[in-house]
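# Survey of secondary and tertiary structure
Spelled out from the first residue to the last, the chains are:
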Amino acid sequence: MVRGAEERLREYRRLLPGGDRAGALDGRFWDAVVLTAANDRQAETYVQQLDALHARGQLPGARERYLVISDPPGPRVGSGGATLHVMLRLQAVAGSGWSAKKLFLLHAGGYSERSPAHGTLGKAFGQLPFDAAGVGVPATVLEAQLVSFQELPSRLPNGVFVSSADVAVQFGALPRLGPAAIARAEQGILALAHASSVEVGTGHGVFVCDREQLDACVRSAVAGADAGDAAVACRRCLQKPSVAAMRAAGAVLPGPRLSGYGGGSAGEWVLTDSAFHVGAEACLALVAVAAARPRAFAGVEVCAYGDLMQPMGEDADLGYLGRTDHVASMRSGAGTGAVERFREAETKLRRAREVLARTMRGRPLLALPLVPSRFVHVGTMPELLQHCARDDDVLA
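So, here is what we can say about the structure in this document. Note that the coordinates shown come from a computational prediction; the quantities given were computed from them, not determined experimentally.

This part covers the overall build of the protein. Helix and strand content of the protein: 14 helices and 13 strands. Scored against the burial criterion, the 396 residues of the protein give a buried share of 52%. Contacts spanning at least 24 positions in sequence make up 77% of the contacts within the protein whose residues lie at least 6 apart. Surface summary for the protein: the accessible area is close to 17200 Å², and the carbon and sulfur share equals 51%.

Right under this line is the structure:
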């Protein structure tokens, strides 16, 4: 992983002002980087932070490449609603031509309630022990992600690459995508995937993949060989599942040592999500349904991860449509009429999910296993302190 990270950092610095590729970003960097904000006031703060980073030469390309889009006013709409809103705004400004670009969408809206240190400037501008620009100052989470995903604009088809501002991702050499995978990714979703413990899987999205494809991919990665086309077909995506649900779906895999990969532990593992790419055709389909059915998504907290990917795959189970235990806005509320409000919100959420399911079902869902890799969550104060003060390997 260290070798891959060092190479990406070198290439990223070549794109910065003063680098030998600073004037030739087309095809090497995102056509636009979009940050979401919870409201207009937070958006103003984000714009000021982007202004400062760009003025110090810490961001590639012209300042106009970096946009901030506020969530719609009213109740929270979740990462899914924010994604749809960004797509609609881009469509309104640029017409359908925006989908012929490669965009990086970083979800940064919110109040960092579990990480008060980021409450003022937002997690996207939280600092990590990592000098991305070579200027002697800690990098922001935004910069760290731009470094980690530096290769993707030249590898992915047109569309929107979606990530969250409370994570860092580490991995070795980026696996190759063949022409067939790229064509399928343009129609649906291609997700980065990580080998995680079964316990970690209960808090993330978990992919159920074609076992033969996955086995061949992992063996090639362990051996340092070229797998030809490293993307694997997903039969199903589970969202924050129980251990029993993962076992029943066939998501739990034997430990690397027991699988004959050589080395590694004997512990069972699952393939979990992090960031993902929505292909241009899927983007246009989502924009069309969001424009045609605006009331279906108004004030509804939908998830960009679960509600877009769970209806995909040949073995998709739509039992998630009525599940609300992991939706933040559905876990609070008391007083007179609370039960009625909950039932109304539950009905609206189910209807919004049904609309998304009809849009995404039947489209390809691919996972790109990153072996080895590391998904670092810095969304809470204990995690931030652990990775910034005690974890010698973070962003190594």
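The next subject is the pairing of strand β3 (residues 102-107). Counting buried positions along β3 yields six of six residues, so the element is predominantly enclosed. The alternating pattern of β3 places K102, F104 and L106 and L103, L105 and H107 on opposite faces, both of which are buried. Inspection of the sheet shows β3 paired to strand β6 (residues 159-164) by six bridges, in the parallel sense. Paired with L103 across the two strands is V160, which belongs to β6.

Taken N-terminus to C-terminus, the directions of helix α10 (residues 280-292) and helix α13 (residues 338-360) make an angle of 145°; their axes are 10 Å apart at the nearest point. Here α10 and α13 pass one another in a crossing that is right-handed. Facing α10, whose interface residues are A282, A285, L286 and V289, α13 presents V355, L356, T359 and M360. Split by residue class, the contact of α10 with α13 holds seven nonpolar, one polar and no charged.

What follows is about the side chain of Q42. Within the element layout of this structure, Q42 appears in helix α2 (residues 40-55). The class of Q42 is buried, set by a relative accessible area of 10%. Not counting residues up to four positions away in its chain, the partners in contact with Q42 are A37, A108, G109 and G110.

Moving on, we come to the pattern of salt bridges. This structure, assessed with the given rule, holds 14 salt bridges. Taking the shortest distance from any N to any O, the salt bridge between R14 and E11 comes out at 3.2 Å. You can see R14 and its partner E11 sitting in helix α1 (residues 2-15), three residues apart, about one turn around the helix. Classification of E11 as buried rests on a relative accessible area of 17%. R350 serves as the salt-bridge partner of E354, at 3.2 Å between the closest nitrogen and oxygen. With a gap of four residues between them, E354 and R350 both fall in helix α13, about one helical turn apart. With relative accessibility at 26%, the residue E354 sits in the partly exposed group. Note on R350: relative accessible area 37%, which makes it partly exposed. Several salt bridges converge on common partners, so that one network encompasses E11, R14, D20 and R21.

Here we come to the state of the cysteines. Throughout this description, disulfide means a covalent bond between two cysteine sulfur atoms. A complete count under the given rule lists zero disulfides for this structure. With no disulfide of its own, C217 lies 9.3 Å from the sulfur of C209, the closest cysteine sulfur. We note that C303 lacks a disulfide partner, and the nearest cysteine sulfur, in C237, lies 9.2 Å from it. Here C303 falls in the partly exposed class, since its relative accessible area comes to 24%.

Along strand β2 (residues 66-70), four of the five residues are buried, which leaves the element largely enclosed by surrounding structure. Bridging between strand β1 (residues 32-37) and β2 involves five bridges; their strand directions are parallel. Across the sheet, residue V34 finds its bridge partner in β2, namely L67. In the classification by handedness, the crossover that spans β1, the intervening α2 and the parallel β2 is right-handed.

Moving on to the environment of D317. As for its position among the elements, D317 is in the loop between α12 (306-309) and α13. Considered as a pair, D317 and C237 are 80 residues apart in the sequence and their alpha carbons are 8.7 Å apart. Of note is the side chain of D317, whose polar atom sits 3.3 Å from the side chain of R236. At a separation of 2.9 Å, a polar atom in the side chain of D317 contacts the main-chain amide nitrogen of G319.

With that settled, consider helix α4 (residues 141-148). Taking burial as the measure, the eight residues of α4 include eight buried ones, the bulk of the element. Residues V141, L142, E143, A144, Q145, L146, V147 and S148 constitute the buried set of α4.

Once that is clear, we can look at unusual backbone geometry. Most of the time, phi is negative for any residue but glycine, and the peptide bond is trans. Residues V371 and P372 are joined by a peptide bond in cis, for which omega reads -5°. Note on placement: P372 falls in the loop between β12 (365-369) and β13 (373-377). Of note, the phi angle at K240 is positive, near 45°, even though the residue is not glycine. Position of K240 among the secondary structure elements: in the loop between β10 (232-239) and α9 (243-249).

A full pass over the atoms with the stated rule returns seven aromatic pairs. Ring centres of W30 and F104 lie 5.5 Å apart, and the angle between their planes is 20°; this geometry places the pair in the stacked category. Of the two residues, W30 is situated in the loop between α1 and β1 and F104 in strand β3; the sequence distance between them amounts to 74 residues. The pair formed by W30 and F104 is uniform in burial state, with each residue classed as buried. The structure contains a cluster of three or more aromatic residues connected by ring pairs, namely W30, F104, F149 and F161.

Procedures and definitions
Residues numbered from 1 in each chain as written. Predicted model: local features only at pLDDT ≥ 70, side-chain atom pairs only at ≥ 80, totals over all residues. Heavy atoms only, no water. Helix = DSSP H or I, 4+ residues; strand = E, 2+ residues; numbered from the N terminus. Buried < 20%, exposed > 50% of the residue type's maximum accessible area, 1.4 Å probe, protein only. Contact = heavy atoms within 4.5 Å. Areas by Shrake-Rupley, 256 points an atom, 1.4 Å probe, with all protein chains shown as cover. Pairing = 2+ DSSP bridges. Axes fitted to C-alpha atoms, helices over the stretch in contact; angles between N-to-C directions. Left-handed = near helix turned anticlockwise from the far one by under 90°. Nonpolar A, V, L, I, M, F, W, Y, C, P; charged D, E, K, R; others polar. Salt bridge = Lys/Arg side-chain N within 4 Å of Asp/Glu carboxyl O. Disulfide = S-S within 2.5 Å. Right-handed = clockwise from strand over helix to strand, strands pointing away. Polar contact = N/O pair within 3.5 Å; in protein donor to acceptor, adjacent residues only side chain to side chain. Phe/Tyr/Trp six-rings, centres within 6.5 Å; stacked < 30°, edge-to-face > 60°.

Interpretation note: all reported values are geometric properties and have no functional meaning in isolation.
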